[in-house]
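Fold and contact review
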Amino acid sequence: MEIETERIYQPPLPDLGSALSMVGDLPGFLHRSIDEKVGLAERACYDRYLRILNALELRSAFGSSLLDLGCANGFFAYLLTIHLCSRATAVEDTRGSTAGYGKSAFLEPLREAQRQYGLEQLEIVEQPIETFLASQPERRWDVVLCLSVLHHLYTGYGDRPEVGRMEAGERRRLFEAIGRATSSVLYLEFDHGRVPDDFLDDFASAGAFAHCQTLGSSSSAVGDLRNIYELTK
Ligand SMILES: C[S@@+](CC[C@H](N)C(=O)[O-])C[C@H]1O[C@@H](n2cnc3c(N)ncnc32)[C@H](O)[C@@H]1O
């Protein structure tokens, strides 16, 4: 009998002590086995996280508010809540489950961490990004993460291309809403092979971002290299 295993996208959330030791003793943290921390996850995530944390520190963004769109298990929102942000909103609607990811790939671990450590500054929203942003059109966040999410609006999920795919007009309205929600800086990552060539320009112009720079790149779950872009107003 073949046993199907659930896919895991991000590493498990480290406990509070380990999360704190990341910034208190970065060389020591890196010295301890990264394999152990990443476990069976398809993406190491710590590489992307440390790049973004470094970029935010260079911007003196301590105490910022954060919006993490398509947060999965909340890896980025959780760590940034502990390390840098005064409050964070993590949005996820579990549509990725259609590609074989299990419960631990979505909001359950983040809810458990919130219960365990009393992270009241963390708001966990189980809704489609587009519904959430449409319901709060006036709300702004200093820092927005949009990591490996938007290409799904073009191609859907796994063998279900219809899941989450949007028409051009609907996509443009979502990009505008993401831009309006960002008051300072947005970090964007996407699968270059699954969006049109002019995607980055379209996203930046719809969201009224004036500047864009590349922070570096990271290897995806399927082996392609994805840039991390920093977009500012
Ligand atoms: C490939 S994962 C990326 C997770 C995380 N941002 C990262 O880079 O590690 C994409 C996640 O976004 C979620 N997602 C995609 N489109 C969404 C939408 N429109 N609303 C809410 N969640 C969405 C999926 O369920 C999935 O968990």
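Residues numbered from 1 in each chain as written. Predicted model: local features only at pLDDT ≥ 70, side-chain atom pairs only at ≥ 80, totals over all residues.

1. A closer look at the overall build of the protein
Scanning the protein for helices and strands turns up 10 helices and 7 strands. For the protein, the C-alpha radius of gyration of 17 Å lies close to 17 Å, the compact-globule estimate for 233 residues. By principal-axis analysis of the C-alpha atoms, the protein measures approximately 55 × 45 × 30 Å. Considering the protein as a whole, with its 233 residues, one finds that 36% of them fall into the buried category. (Helix = DSSP H or I, 4+ residues; strand = E, 2+ residues; numbered from the N terminus. Rg over C-alpha atoms; globule rule 2.2 N^0.38 Å. Buried ≥ 20, exposed ≤ 12 C-beta atoms within 10 Å, placed from the backbone.)

2. Here's the deal with the packing of helix H1 (residues 16–24) against helix H5 (residues 75–83)
For the pair H1 and H5, interaxial distance at closest approach is 10 Å and the crossing angle is 65 degrees. With respect to their mutual orientation, H1 and H5 come out roughly perpendicular. Judged by the twist between their axes, the crossing of H1 over H5 is right-handed. Only Leu79, Ile82 and His83 of H5 make contact with H1, whose side of the interface consists of Leu16, Ala19, Leu20 and Val23. The class makeup of the residues in the contact of H1 with H5 is 6 nonpolar, 1 polar and no charged. (Axes fitted to C-alpha atoms, helices over the stretch in contact; angles between N-to-C directions. Parallel < 35°, antiparallel > 145°, perpendicular 65-115°, else oblique. Left-handed = near helix turned anticlockwise from the far one by under 90°. Contact = placed C-beta atoms within 7 Å. Nonpolar A, V, L, I, M, F, W, Y, C, P; charged D, E, K, R; others polar.)

3. Brief notes about the nonpolar core
Membership of the largest hydrophobic core comes to 58 residues, with the highest contact counts inside it found for Phe76, Ala77, Val144 and Cys146. Broken down by element, this core gets its largest block of residues, 7 residues, from H5. Those residues in contact with Phe76 that sit more than four places away from it in its chain are Tyr49, Asp68, Cys71, Leu145 and Leu147. (Core = buried A, V, L, I, M, F, W, Y, C linked by C-beta atoms within 7 Å.)

4. Re the site of the ligand
Lining the immediate surroundings of the ligand are 21 residues, of which Gly70, Ala72, Asp93, Gly96 and Leu147 lie closest. Grouping the constituent residues of the shell around the ligand by class yields 9 nonpolar, 7 polar and 5 charged. (Near = placed C-beta within 6 Å.)

5. Some thoughts on the sheet that holds strand S1 (residues 65–69)
The strand order across the open sheet built from 7 strands is S3-S2-S1-S4-S5-S7-S6, with neighbouring strands paired in mixed fashion. Because the sheet does not close on itself, it has two edges, and the strands there are strand S3 (122–125) and strand S6 (211–219). Recorded for the sheet is a direction-independent mean angle of 15 degrees between the axes of neighbouring strands. (Pairing = 2+ DSSP bridges.)

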